[in-house]
Amino acid sequence: MNMQAVEAATRESAPVLTLEGITKTFPGVRALSEVGLDLYPGQVTALVGENGAGKSTIVKILTGIYQPDGGRIRLDGQDVHFPTAQHATTAGITAIHQETVLFDELSVAENIFLGHAPRGRFGLIDTARMQRDARALLERIGARLDPALPLKELGIANRHLVAIARALSVEARVVVMDEPTAALSQKEIEELYELVERLKAEGRAILFISHKFDEIFRIADRYTVFRDGELVGHGAMADVDESELVRLMVGRSVDQIFPQRVSAPGPEVLRVEGYSHPTEFDDISFTLRRGEILGFYGLVGAGRSELMQALFGVTRPSRGAVHLDDAPHAIRTPADAIEAGIVYVPEDRGLQGAVRGLPIFQNVTLPSLRETSRRGFLRMAEEFALTRRYTDRLELRAAALDQDVAELSGGNQQKVVIAKWLATKPRVIILDEPTKGIDIGSKAAVHAFMAELAAEGLAVIMVSSEIPEILGMSDRVIVMREGRMAAELEGEALTPETLVRHAAGIGEGG
Amino acid sequence: MAFLKSREAILAGAILLLLALIAWRFPGFVAPDNLARVFNDTSPLILLALGQMAVILTRCIDLSVAANLALTGMVCAMVNAAAPGLPVPVIIAMALALGALMGAVNGLLVWTLAIPPIVVTLGTMTIYRGIIFVISDGQWVNSHEMSDAFKALPRAELLGLPVLSWIALVVVALFALLIVRTPLGRAFYAVGGNPGAAVYAGLNVGRTQFWAFTLSGTLAGLTGYLWVSRYAVAYVDIASGFELEVVAACVIGGISIAGGAGTVTGVVLGALFLGIIKNALPVVNVSPFYQLAISGGAIIIAVAFNARASRSRGRVILKSAEHAS
């Protein structure tokens, strides 16, 4: 055995960080079920899995933001636990998040050392030393940045470098990178790869989360695959190929039953031609028919929600046209869209959906105030009647219709939001991640209801990142990647593998 | 049952307790006649607090109301002095229009330029005060320069109450109708409660805020005429600092500074609470300086109370708790 092999074998045998049997349950959802993860010094472990597989939950457990319900974490063979993020940092575990959390008005050096700045006399911050240390750190990661520069003058890539320098300013043994290349250009990505190599050479263990197969194969030494909160595979990258990884990621999940539907799409309702936005999506064209459910699949950040927001008039497209019943229609504001019969149930219930503090009935009638008022005055009786009509249908569970919507569970809040839109009697309903974050029971109810709406002749657009849901509900699926249409799939062509391939941009042969 | 637990009921209880305390020392204070006088004295505060309520509901604040009041009042007084023959209803219409205009300027700046409301109204507050100085040259308009009809209106009695009180009562009723029963009133709550969701429901957040400012300005304008005619004097500094009392009435009345929550009843009670303190303290021989401290204390207690109330209204995470509710 030569020296390198011995060294490799020793590394192999001694992971720096080991997670065993980690379980985490949220109300109604089991996010992680007895998963394990080993991280080795000087190696990059890729963590892959679909959206909702539990990747971000494990990162939050690693960094002390969540506490596991069961299982153990061992650092150098010693049992440890991280009651707070500070504990994880002290133990040498640091994370670089997709959206870096930095402060615009502070300098590069201040950002790097915020919270643990070197102190001089009288406990005051030693600015000179902080600048020096910052410069040294930046040089170590190959970044040529002036530590005195205010952060707001930096671009995204340089901010990333600052975030990395910050992560390394505490002695980090384990570095977690959560989709670090998502916002970077190709050149910046190359620089990041070099940095990863440098961290490897320094003997740090790296957990690299990514949806991009090319980069996983390029920089990772090992892989771990999660699916629906379970560990489904792990090993050395050398022993696996793309098809095998895709198969592990999507493997059929069995516990979800979707409503049987006979799809009989009617005439065309909506036609979108060449819809484009300066920064978010480009040249999107599709048609939608009565009684049809059209799925939009893609990775998070593929531009699906942005497209839907433009169709609903929240943002304006730079180019393109919308035809309703073959007649061109200009949608400039959400009020125009509602008028035209297009409604949008947003993904973010908290920010865009329900108005907490207002009672259920006032939430439901918010876009229908013109219908529930006579001569400029609202009629409470009609508001209640309209609300009851739709909340009954959705089997809303609430004490009373004048109950504050904030008192309802997530699933029931979602029902209020859907009731609100149905009350406008739409012709096209756009559901953005309609079952995200709600329990299995409510999910099934939402699915059944979608099928019912389609059967009644409503045209449904469903944006979803869950493959089973896309496959189980859609008549047709448009896959988006990086703001463009990657594929339009239906019938035989609609399989988990084709979805993942088109969404991740893997060639047919690979 | 729900009412007894509400902020309004607690505030009403606090007011009754306050009255009982005062009555214990000075029974005369709670005589119907005197209470009517206190209400009349508080009427301008009520009028302005209602307008402020609309603005705060939409997550804004209007610091220019007192300056608006003073400028409108000065213009009314000067017009009256220059043209004593002009009928009072014309002057009132002018006061409403001028006040609305100044409110609309605030609203437009907030809407179209997206400047934070506190900055906008701090600026216009100073500008409006400055204009008073410019048009009046710093001079007072005194009682003898005003026509009798101009001065008589707010003091004229109708069914035992001064017209000023009647105006406040009518405005409270109309305002409650607007807030509870019109799409605009509902929009105030929705825009302040969750601007994101309001956009998605097809509401125009900026335009809704514009109307709240215009409403606030209109009421300030109306109060401007009433104020100047009641006290029969107009000068640069009238109602100086009154905007803070107006905001205080809203806060004590349970209007959430974060927007989207509060009732007309609460605001009226909040204003009355301050009005009673202001009128009672001289009677019980407490220095006016304490009056400020007591008002300030009431504000902090009210805010702490509201903060606690909104905290307990958090997410229901426990399944059992959800079923129980």
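Conventions we followed
- Residues numbered from 1 in each chain as written.
- Chains lettered and ligands numbered in written order.
- Predicted model: local features only at pLDDT ≥ 70, side-chain atom pairs only at ≥ 80, totals over all residues.
- Heavy atoms only, no water.
- Helix = DSSP H or I, 4+ residues; strand = E, 2+ residues; numbered from the N terminus.
- Rg over C-alpha atoms; globule rule 2.2 N^0.38 Å.
- Buried < 20%, exposed > 50% of the residue type's maximum accessible area, 1.4 Å probe, protein only.
- Contact = heavy atoms within 4.5 Å.
- Lys, Arg positive; Asp, Glu negative; His and termini not counted.
- Charge placed at Lys NZ, Arg CZ, Asp CG, Glu CD.
- Pairing = 2+ DSSP bridges.
- Patch = residues over 30% accessible without salt bridge, like charges linked within 9 Å, V, L, I, M, F, W, Y side chains within 5 Å.
- Areas by Shrake-Rupley, 256 points an atom, 1.4 Å probe, with all protein chains shown as cover.
- Salt bridge = Lys/Arg side-chain N within 4 Å of Asp/Glu carboxyl O.
- Axes fitted to C-alpha atoms, helices over the stretch in contact; angles between N-to-C directions.
- Domains from an automatic or database assignment.
- Polar contact = N/O pair within 3.5 Å; in protein donor to acceptor, adjacent residues only side chain to side chain.
- Nonpolar A, V, L, I, M, F, W, Y, C, P; charged D, E, K, R; others polar.
- Buried area = accessible area lost by both parts, 1.4 Å probe.
- Parallel < 35°, antiparallel > 145°, perpendicular 65-115°, else oblique.
- Expected span 1.5 Å × (residues − 1).
- UniProt positions renumbered as here; feature names shortened; annotations may be inferred.
- Phe/Tyr/Trp six-rings, centres within 6.5 Å; stacked < 30°, edge-to-face > 60°.

Focus on the overall build of chain A
When helices and strands are tallied, chain A shows 18 helices and 22 strands. Rg of the C-alpha trace for chain A: 25 Å, near the compact-globule value of 24 Å for 510 residues, within the 12% margin. Its C-alpha atoms put chain A at 80 × 55 × 45 Å along the principal axes. The proportion of buried residues among the 510 residues of chain A is 52%. Partitioning the contacts of chain A with sequence separation of at least 6, the portion at a separation of at least 24 is 67%. Taking the average location of the 56 positive side-chain charges in chain A and that of its 72 negative ones, the two points are 4 Å from each other.

Describing the pairing of strand 3 (residues 44–48) of chain A
Residues and elements named next belong to chain A. Counting buried positions along strand 3 yields 5 of 5 residues, so the element is predominantly enclosed. Taking every second residue as pointing to the same face, both faces of strand 3 are buried, with V44, A46 and V48 on one and T45 and L47 on the other. Relative to strand 8 (residues 205–209), strand 3 runs parallel, the two being bridged by 4 bridges. Its bridge partner lying in strand 8, L47 is registered against I209.

Some points on a nonpolar patch on the surface
Among the surface-exposed residues, F377 of chain A together with V170, L174 and L177 of chain B lie close enough to one another that they form a single nonpolar patch of about 340 Å² accessible area. Among the elements that make up the nonpolar patch, the one with the highest residue count is helix 8 (residues 163–181) of chain B (3 residues).

A short note on the sheet that holds strand 14 (residues 319–324) of chain A
Residues and elements named next belong to chain A. With respect to topology, 4 strands assemble into an open sheet ordered 12-11-14-15, the strand pairing being antiparallel. Each end of this open sheet is capped by a strand with a single partner; those strands are strand 12 (284–289) and strand 15 (327–329). On average, each strand axis in the sheet is tilted by 20° relative to the strand beside it, whichever way the strands run. In terms of strand pairing, strand 11 (residues 268–276) meets strand 14 through 5 bridges, oriented antiparallel. Counted as the bridge partner of L270 is L324 from strand 14. In the packing of helix 10 (residues 304–311) onto the sheet, the strands contacted are strand 11, strand 12 and strand 14, and the crossing angle to strand 11 comes to about 115°.

Overview of the sheet that holds strand 10 (residues 230–236) of chain A
All names here are of chain A. The strand order 6-7-8-3-9-10 describes an open sheet built from 6 strands, whose pairing is mixed. Lying at the two open borders of the sheet, with one neighbouring strand each, are strand 6 (93–96) and strand 10. When the angles between neighbouring strand axes are averaged without regard to direction, this sheet yields 20°. The sheet contacts of helix 6 (residues 156–169) involve strand 6 and strand 7 (174–178), and relative to strand 6 the element is tilted by about 175°. Packing against the sheet, helix 9 (residues 242–250) makes contact with strand 3, strand 9 (222–227) and strand 10, and its axis sits at approximately 30° to strand 9.

A word on the domain arrangement of chain A
One frequently used descriptor of interface size is the decrease in accessible area upon assembly of the parts. Residue and element names in this part refer to chain A. The domains assigned to chain A are domain 1 (14–250), domain 2 (267–341 + 426–510) and domain 3 (351–424). Inter-centroid distance (C-alpha atoms) of domain 2 to domain 3 is 25 Å. On the side of domain 3, 12 residues touch domain 2, which itself brings 15 residues to the contact. On the surface where domain 2 and domain 3 come into contact, there are 3 salt bridges. Salt-bridge contacts for E456 lead to R393; the nearest nitrogen and oxygen are separated by 2.8 Å. Along the contact surface separating domain 2 from domain 3 lie 2 residue pairs in polar contact (both at pLDDT 80 or more). Residue assignment for the side of domain 2 that touches domain 3 shows that the elements contributing at least two residues are helix 11 (334–340) and helix 16 (440–455). In terms of residue count, the dominant contributor to the side of domain 2 that touches domain 3 is helix 16 (4 residues). Partitioned by chemical class, the residues of the side of domain 2 that touches domain 3 number 9 nonpolar, 2 polar and 4 charged.

Overview of the interface of chain A and chain B
Contact residues are listed per partner, giving 41 residues for chain A and 26 residues for chain B. Both faces combined, the contact of chain A with chain B buries some 2600 Å², and carbon together with sulfur accounts for 61% of it. Summed over the three residues of chain A that lose the most area to chain B, namely L366, F377 and L378 of chain A, the buried surface amounts to 20% of that side. In this assembly, chain A and chain B are joined by 1 salt bridge. A salt bridge links R186 of chain B to E383 of chain A; the nearest nitrogen and oxygen atoms lie 2.6 Å apart. For the pair chain A and chain B, the number of links is 5 residue pairs in polar contact (both at pLDDT 80 or more).

Some points on the packing of helix 3 (residues 32–57) of chain B against helix 9 (residues 183–193) of chain B
Residues and elements named next belong to chain B. At a closest axis distance of 7 Å, the pairing of helix 3 and helix 9 adopts a crossing angle of 45°. On the basis of the axis angle, helix 3 is oblique to helix 9. Residues M53, A54 and L57 of helix 3 touch helix 9, and the partners they reach there are F188, Y189 and G192. Residue composition of the contact of helix 3 with helix 9, by class: 5 nonpolar, 1 polar and no charged.

Here's the deal with unusual backbone geometry
Positive phi, normally seen in glycine, also occurs at E34 of chain A, with a value near 45°. As for its position among the elements, E34 of chain A is in strand 2 (residues 29–39). For A232 of chain B, which is not glycine, the phi torsion reads 55° and is therefore positive. Within the secondary structure, A232 of chain B sits in the loop between helix 11 (205–231) and helix 12 (242–252). The exposure class of A232 of chain B is buried, given its relative accessible area of 10%.

Regarding helix 8 of chain B
Residues and elements named next belong to chain B. Between its first and last C-alpha atoms helix 8 spans 26 Å; for 19 residues at 1.5 Å apiece the expected length is 27 Å, and the two agree. Buried residues of helix 8: V163, L164, S165, I167, A168, V171, V172, F175 and I179, and no others. In this structure, the buried side of helix 8 is in contact with helix 3, strand 2 (161–162), helix 9, helix 11 and helix 13 (264–283).

Observations regarding the UniProt feature "transmembrane region" (unreviewed entry) in chain B
Residue and element names in this part refer to chain B. The UniProt record annotates "transmembrane region" (unreviewed entry) at residues 42–58, 89–111, 118–138, 158–180, 187–203, 209–228, 249–277 and 289–309. Between the C-alpha atoms that bound residues 89–111 there is a distance of 32 Å. The span itself is 100% helix and 0% strand. Overall, residues 249–277 shows 62% helix and 0% strand. The separation of its end C-alpha atoms is 12 Å.

Comments concerning the packing of aromatic side chains
Within the structure shown, the criterion is met by 13 aromatic pairs over all chains. With centroids separated by 5.5 Å and ring planes inclined at 55°, the aromatic side chains of W227 of chain B and Y231 of chain B adopt a geometry described as tilted. Of this pair, W227 of chain B and Y231 of chain B both sit in helix 11, 4 residues apart, roughly one helical turn. Residue Y231 of chain B is classed as partly exposed on the basis of its relative accessible area of 42%. Linked through ring pairs, F312, Y344 and W421 of chain A together with Y200 of chain B together constitute an aromatic cluster.

Details of the side chain of Q52 of chain B
All names here are of chain B. Note on placement: Q52 falls in helix 3. Residue classification places Q52 among the buried positions, given a relative accessible area of 0%. Other than its neighbours up to four places away in sequence, Q52 contacts I61, D62, V65, S216, V246, V247 and C250.

Focus on the environment of V172 of chain B
All names here are of chain B. Structurally, V172 can be placed in helix 8. Separated by 125 residues in sequence, V172 and L47 place their C-alpha atoms 7.7 Å apart. Ignoring anything within four residues of it in the chain, the contact list for V172 reads I46, L50, V264 and V268.

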